[in-house]
Amino acid sequence: MRSRLTLCAALAIVLASSSAAVASVPASSTASLPAASLTASLPAASLPAAARQALPANDGWAAATTGTTGGSAADDAHVFVVRNRAELAAALAGGTDPTPRIVLVAGTIRANTDDAGNALTCDDYADPAYSLDAYLAAYDPAVWGTATRPAGPLEEARVRSARNQAARIQLRVGPNTTIFGLPNARLIGANLLIQNVDNVIVRNLRLEDAADCFPAWDPTDGSAGNWNSAYDLITLTGATHVWADHNTLSDGNNVDSLQPLHFGRPYQVHDGALDVIRASDYVTVSWNTFQEHDKTMLIGSTNTVGADVGRLRVTLHHNKFANVGQRVPRVRFGQVDVYNNYYYLTDEDDYSYSWGVGVYSAIYAENNFLLRSADIGLDEFVYDWGGTAMTEIGTATRVGTGPVRPVSLLAEYNATHEPDLGADAGWTPSLRAAPPAPAAAVPALVNAGAGAGRI
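Remember, predicted model here, so these are calculated numbers, not experimental data. (Residues numbered from 1 in each chain as written. Predicted model: local features only at pLDDT ≥ 70, side-chain atom pairs only at ≥ 80, totals over all residues. Heavy atoms only, no water.)

(A) Quick peek at the sheet that holds strand 13 (residues 240–245). Read from one edge of the open sheet, 10 strands run 1-2-5-8-13-18-21-24-27-30, paired in parallel fashion. Where the open sheet ends on each side, the last strands, each with one partner, are strand 1 (79–82) and strand 30 (391–393). For this sheet the average axis-to-axis angle between neighbouring strands, irrespective of direction, equals 10°. Across 3 bridges, the pairing between strand 27 (residues 362–366) and strand 30 is parallel. Considered in strand 30, the bridge of Y364 is made with T391. The sheet strands contacting helix 3 (residues 85–92) are strand 1, strand 2 (101–105) and strand 5 (177–181), and the helix crosses strand 1 at an angle near 165°. (Pairing = 2+ DSSP bridges. Helix = DSSP H or I, 4+ residues; strand = E, 2+ residues; numbered from the N terminus. Axes fitted to C-alpha atoms, helices over the stretch in contact; angles between N-to-C directions. Contact = heavy atoms within 4.5 Å.)

Written as structure tokens, this is what we have:
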């Protein structure tokens, strides 16, 4: 085994190469190191300053009460560089250790791999009693009907198969943790699960394609039934004080529009990009790029009055939403501050809506910008999911390279839908690090700063 001095020198090379891809580090500097060594401690002097940064004061809801510091207090023994799934899982410690930690992701990590790093396919996860062909034959609406969800041996085999995959791709993030991407860091196929913990930061990562090998068919979902998948790229469930910043989230090369139809419905293998559910609270989502994804951001997972009341407080600012289909965001219960975001919508075929006004929701939207195809109507942007009102101030829009003009997307919705949504969400945001920029300035501002690699 190489000495600790040699390891630290190798890691310093990685961190010093801010203008080069991590992949350019000579293989000889790490190839002979066992997995345990690659998650060894890192000298504090070599740590990128942004990796130890806490959320600035007043920067959205995650700055409320105790604020969000993530792993900024980590000692040298709890700063890790990880290059594969096994190392990432080891550094995260199963999400159970509250010791402050910083996890630096280097290169591309694929979650669908075994402990030796070998690629796993859907066939590797499948229970012996499951096959998609048999599942389709058993639960074809012409055979099973449309009144009840699938049940019986094949559905049970699908559930077992799904558990096999979940055990590999769901990576639990513990409290007091910062996950930070080194140059060109990428997580493919992973679901970062931030569950029932406080104080987490995720920054500067490319997260792609958390595809579900075993979507569930539900004939009772909607008028024609739907396929539902299980995994988001990032899931907040019962989580508090979370800051997601300067990430790029997408389906990668496996977009849902390429999936087949089964029972006449899209075989959707992706769920959310970043979902905030089950009484999560105090969340700031800033300077991210969300692209080529359908169900982008669900805030609140049920219409039932309960634990979500008084929670689900989320701030979205300076994000770019590029050709995403829906839920940008869809909100229940929460007070959600949506300002200075750039909505880039040129693919009318896969577009549904953006602002979903759900039960007891209170969206406050200020100085956002919408660039759209002429085929996307202004009245399509807002959708009523059982809510009563939202606040909208200062929105601007343009079609293609046409003139920029002010618009009320709420008024456009109300002009063509009944009943009207009210224009007062009943609250005014106070946690903003600076006053919102004018909407006309948002495209240039967000294009220059949003996404991984822009810190």
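Still more to cover.
(B) Quick look at the packing of aromatic side chains. A full pass over the atoms with the stated rule returns 23 aromatic pairs. Ring centres of W355 and F381 lie 4.7 Å apart, and the angle between their planes is 85°; this geometry places the pair in the edge-to-face category. With W355 in strand 26 (residues 355–358) and F381 in the loop between strand 28 (369–372) and strand 29 (382–385), this residue pair connects regions lying 26 residues apart in the sequence. With centroids separated by 6.1 Å and ring planes inclined at 65°, the aromatic side chains of Y364 and W427 adopt a geometry described as edge-to-face. (Phe/Tyr/Trp six-rings, centres within 6.5 Å; stacked < 30°, edge-to-face > 60°.)

(C) Spotlight on the nonpolar core. Counting residues in each nonpolar core, the largest one holds 85 residues, and the members touching the most others are L187, L192, I194, I234, L236, F290 and W355. F290 has contacts with L249, A273, L274, V285, T296, M297, N319, K320, F321, A322 and V324, leaving out every residue within four places of it along the chain. (Core = buried A, V, L, I, M, F, W, Y, C linked by side-chain atoms within 4.5 Å. Buried < 20%, exposed > 50% of the residue type's maximum accessible area, 1.4 Å probe, protein only.)

(D) Spotlight on the sheet that holds strand 14 (residues 248–250). Judged by pairing direction, the sheet is mixed, and its 10 strands sit side by side in the order 3-6-9-14-19-22-25-28-31-32 without closing on themselves. Lying at the two open borders of the sheet, with one neighbouring strand each, are strand 3 (108–110) and strand 32 (405–406). Across 3 bridges, strand 3 lies against strand 6 (residues 186–188) in parallel orientation. Each residue of the ladder has a partner; that of R110, found in strand 6, is I188.

(E) Fine view of a nonpolar patch on the surface. On the surface, V305, V309 and Y360 cluster together to form a nonpolar patch covering roughly 320 Å² of accessible area. Its place among the elements puts Y360 in the loop between strand 26 and strand 27. (Patch = residues over 30% accessible without salt bridge, like charges linked within 9 Å, V, L, I, M, F, W, Y side chains within 5 Å. Areas by Shrake-Rupley, 256 points an atom, 1.4 Å probe, with all protein chains shown as cover. Salt bridge = Lys/Arg side-chain N within 4 Å of Asp/Glu carboxyl O.)

(F) Representation of the side chain of H78 within the structure. Positionally, H78 belongs in the loop between helix 2 (35–38) and strand 1. There is a polar contact of 2.8 Å between the side chain of H78 and the side chain of D75. Discounting residues that sit within four places of it in the chain, H78 has contacts with T99, P100, R101 and I102. (Polar contact = N/O pair within 3.5 Å; in protein donor to acceptor, adjacent residues only side chain to side chain.)

(G) Spotlight on the state of the cysteines. Tallied over the entire structure, the rule returns 1 disulfide. Disulfide partner of C122: C213, at an S-S distance of 2.1 Å. Residues C122 and C213 are joined by a disulfide whose S-S torsion is about -75°; by sign, that bridge is left-handed. With C122 in helix 4 (residues 122–125) and C213 in the loop between strand 9 (206–208) and strand 10 (216–218), the pair connects residues that are 91 residues apart, well separated along the chain. Its relative accessible area of 35% is what places C122 among the partly exposed residues. In this structure C213 comes out as buried when scored by relative accessible area, which is 14%. (Disulfide = S-S within 2.5 Å.)

(H) Focus on the confidence of the model for the protein chain. Summing up the model confidence of the protein chain, the mean pLDDT is 91 and the portion of residues at 70 or higher is 90%. Every residue in residues 1–39 scores below 50 in pLDDT, and together they form 48 contacts with partners more than four places removed in sequence or on other chains. (pLDDT = per-residue confidence, 0-100.)

(I) A look at the side chain of N319. Here N319 is to be found in the loop between strand 21 (314–317) and strand 22 (320–322). A polar contact of 3.3 Å, which involves the side chain of N319, links it to the backbone nitrogen of W287. Those residues in contact with N319, other than ones at most four positions away along the chain, are V285, S286, W287, N288, F290, N340, N341, Y342 and V446.

(J) Inspection of the pairing of strand 17 (residues 274–277) at higher detail. A two-sided burial pattern is seen for strand 17, the buried positions comprising L274 and V276 on one face and D275 and I277 on the other. Bridge count between strand 12 (residues 234–237) and strand 17: 4 bridges; the pairing is parallel. Opposite T235, over in strand 17, you have D275 as the bridge partner.

(K) Quick look at the pattern of salt bridges. All chains considered together, the criterion is met by 10 salt bridges. A salt bridge links R168 to D115; the shortest N-O distance between them is 3.1 Å. Pair noted here: R168 is in helix 7 (residues 153–169) and D115 is in the loop between strand 3 and helix 4, with a separation of 53 residues, a long-range link. Judged by its relative accessible area of 16%, R168 is buried. Between R313 and D281 there is a salt bridge whose closest N-O contact spans 2.5 Å. One end of the pair, R313, is in the loop between strand 20 (298–299) and strand 21; the other, D281, is in strand 18 (residues 281–286), and 32 residues separate them in sequence. Judged by relative accessible area, D281 falls into the buried class, the value being 4%. Counted as one network, the salt bridges with shared partners bring together D337, E366 and R432.

(L) Here's a closer look at the pairing of strand 24 (residues 335–339). With respect to burial, strand 24 is a largely interior element, 4 of its 5 residues being buried. Relative to strand 27, strand 24 runs parallel, the two sharing 5 bridges. The partner of V336 across the bridge, within strand 27, is I363.

(M) Structural view of a negative patch on the surface. Taken together, the side chains of E292, E348, D349, D350 and D375 define an acidic patch exposed on the protein surface. Residue class for E348 comes out partly exposed when judged on its relative accessible area of 31%. (Lys, Arg positive; Asp, Glu negative; His and termini not counted. Charge placed at Lys NZ, Arg CZ, Asp CG, Glu CD.)

(N) Quick look at helix 7. With 17 residues, helix 7 extends 25 Å from end C-alpha to end C-alpha; this agrees with the ideal 24 Å at 1.5 Å per step. Burial in helix 7 covers these residues: L154, E155, A157, R158, S161, A162, Q165, A166, R168 and I169. In the core, the buried residues of helix 7 are packed alongside helix 3, helix 4, helix 5 (132–139), strand 4 (170–172), strand 7 (191–195) and strand 10. (Expected span 1.5 Å × (residues − 1).)

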